Amino acid sequence: ECVREASVLRALPAVVPVPAIHRCEPDADPPWTLFSWIPDGPMPGALRTYSPLDARMLANDLGALLSAVHRVPPLEACPTLGRWSAAVATALEGTAGRRLGPELGRELRDFAAAYAAALDPLFDDAGLCHGSLTTKKVIAYASSGMDDRKKPGWVEWCAPPSFDRPRLGGIVDWASAINAPPLFDVGTLLRADAALPA
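Keep in mind the model is a prediction, meaning the values are calculated, not measured.

A. Focus on the overall build of the protein. Per the secondary structure count, the protein includes 6 helices and 7 strands. Within the protein, buried positions represent 38% of all 198 residues. In the protein, the proportion of contacts linking residues at least 24 apart, taken out of those at least 6 apart, comes to 77%. For the protein, the accessible area works out to roughly 11300 Å², and carbon and sulfur atoms hold 60% of it.

B. Structural detail: the packing of helix α4 (residues 84–93) against helix α5 (residues 95–119). Following both chains from N to C, one finds α4 and α5 inclined at 170°, their axes separated by 8 Å at the closest point. In terms of their interaxial angle, α4 and α5 are classed as roughly antiparallel. Taken together, the residues that form the contact of α4 with α5 break down as 12 nonpolar, 4 polar and 3 charged.

C. The arrangement of the nonpolar core in detail. In terms of nonpolar packing, the biggest core is built from 25 residues, with V8, L12, V16, L128 and W174 touching the most fellow members. Elements supplying a minimum of two residues to this core: α1 (2–11), α3 (52–70), β5 (138–141) and β6 (167–171). Setting aside its immediate chain neighbours within four residues, W174 contacts E5, V8, L9, L12, V18, V69, C129 and H130. Of all hydrophobic cores here, the second largest spans 5 residues; its members include W84, V88, L92 and A112.

D. How the structure looks around α3. Given a rise of 1.5 Å per residue, 19 residues ought to cover 27 Å, and the 27 Å separating the end C-alpha atoms of α3 matches this to within 8%. Along α3, the residues classified as buried are D54, A55, L58, D61, L62, L65, L66, A68, V69 and H70.

E. Examining α4 more closely. What α4 keeps buried is the set W84, S85, V88 and L92. Buried residues of α4, viewed axially, fall in a sector of 100°; they line one side. Structural note: α4 exposes T90 and E93 on the side pointing more than 90 degrees away from its buried face. On the buried face of α4, the contacting elements are α5.

F. Examining the environment of V138 more closely. With respect to the helices and strands, V138 occurs in strand β5. The class of V138 is buried, set by a relative accessible area of 1%. Residues V138 and V172, 34 residues apart in the sequence, show an inter-C-alpha distance of 6.5 Å.

G. The arrangement of the packing of aromatic side chains in detail. Applying the stated rule across the entire model yields 2 aromatic pairs. Here W84 and F111 contribute two aromatic rings whose centre-to-centre distance is 6.1 Å and whose plane-to-plane angle is 75°, an arrangement assigned as edge-to-face. Within this pair, whereas W84 is found in helix α4, its partner F111 is found in helix α5, the two being separated by 27 residues in sequence. A relative accessible area of 42% means that F111 is categorised as partly exposed.

H. Spotlight on the pattern of salt bridges. Across all of its chains, the model carries 3 salt bridges by this definition. Ionic pairing is found between R23 and E25, a salt bridge with its closest N-O pair at 2.7 Å. We classify R23 as partly exposed; its relative accessible area is 47%. Classification of E25 as partly exposed rests on a relative accessible area of 24%. R83 is the salt-bridge partner of D124, the closest N and O atoms lying 2.6 Å from each other. Separated by 41 residues along the polypeptide, D124 in the loop between α5 and β4 (127–129) and R83 in the loop between α3 and α4 bring together distant segments of the chain. Residue classification places D124 among the exposed residues on the basis of a relative accessible area of 54%.

I. How the structure looks around the environment of Y115. Within the secondary structure layout, Y115 lies in helix α5. Taking the C-alpha atoms as reference, Y115 lies 9.5 Å from W84; in sequence the two are 31 residues apart.

Procedures and definitions
Residues numbered from 1 in each chain as written. Predicted model: local features only at pLDDT ≥ 70, side-chain atom pairs only at ≥ 80, totals over all residues. Heavy atoms only, no water. Helix = DSSP H or I, 4+ residues; strand = E, 2+ residues; numbered from the N terminus. Buried < 20%, exposed > 50% of the residue type's maximum accessible area, 1.4 Å probe, protein only. Contact = heavy atoms within 4.5 Å. Areas by Shrake-Rupley, 256 points an atom, 1.4 Å probe, with all protein chains shown as cover. Axes fitted to C-alpha atoms, helices over the stretch in contact; angles between N-to-C directions. Parallel < 35°, antiparallel > 145°, perpendicular 65-115°, else oblique. Nonpolar A, V, L, I, M, F, W, Y, C, P; charged D, E, K, R; others polar. Core = buried A, V, L, I, M, F, W, Y, C linked by side-chain atoms within 4.5 Å. Expected span 1.5 Å × (residues − 1). Arc of directions from axis to C-beta. Phe/Tyr/Trp six-rings, centres within 6.5 Å; stacked < 30°, edge-to-face > 60°. Salt bridge = Lys/Arg side-chain N within 4 Å of Asp/Glu carboxyl O.

Next comes the structure, spelled out in structure tokens:
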């Protein structure tokens with residue numbers, strides 16, 4: 001995972017804000033990486049404390065940021081997610097199938113077969129995905145302070161930040177990065193949609 005995360009973080013600084021790597025030791029026991037700190041905190045806190053308008057603006061910024069990430073071509077260090085129907089079938093042959101039992105397993109297998117033609121083609125358009133994206137891995141800046149996103153090589157991924165509203169400071173924890181369709185990140189981000197504001 002150290003090698004994968006280091007590869008992603010080297011590919012992203014000119015695309016989106018990510019922590020800088022100070023040192024990576026993938027062969028150490030245990031493997032470790034030392035990153036820079038991105039100030040402020042995870043997006044859930046921001047969503048609870050900011051106004052509904054600010055929350056919508058942060059959501060809009062996150063959409064723009066993910067769009068920039070998903071335009072990064074597949075990276076060799078990241079595994080490529082196989083076609084959806086094949087992944088479901090493989091999961092049902094292993095632990096997931098045993099946990100679901102024969103009846104639910106059969107229902108899921110039938111569901112995958114019914115929608116394979118619609119969903120499998122999405123996996124032909126793989127790009128870089130975070131792989132385990134939640135709002136806890138999205139860092140939000142408070143509505144005042146320094147904006148350190150304007151660094152050499154920065155590529156603008158959304159409208160210039162305004163100091164009178166919250167803004168995104170970056171995405172952290174890229175150890176599960178994969179090559180997959182962009183909807184993979186959107187789906188994992190919205191898994192806990194009941195805990196997110198509308």
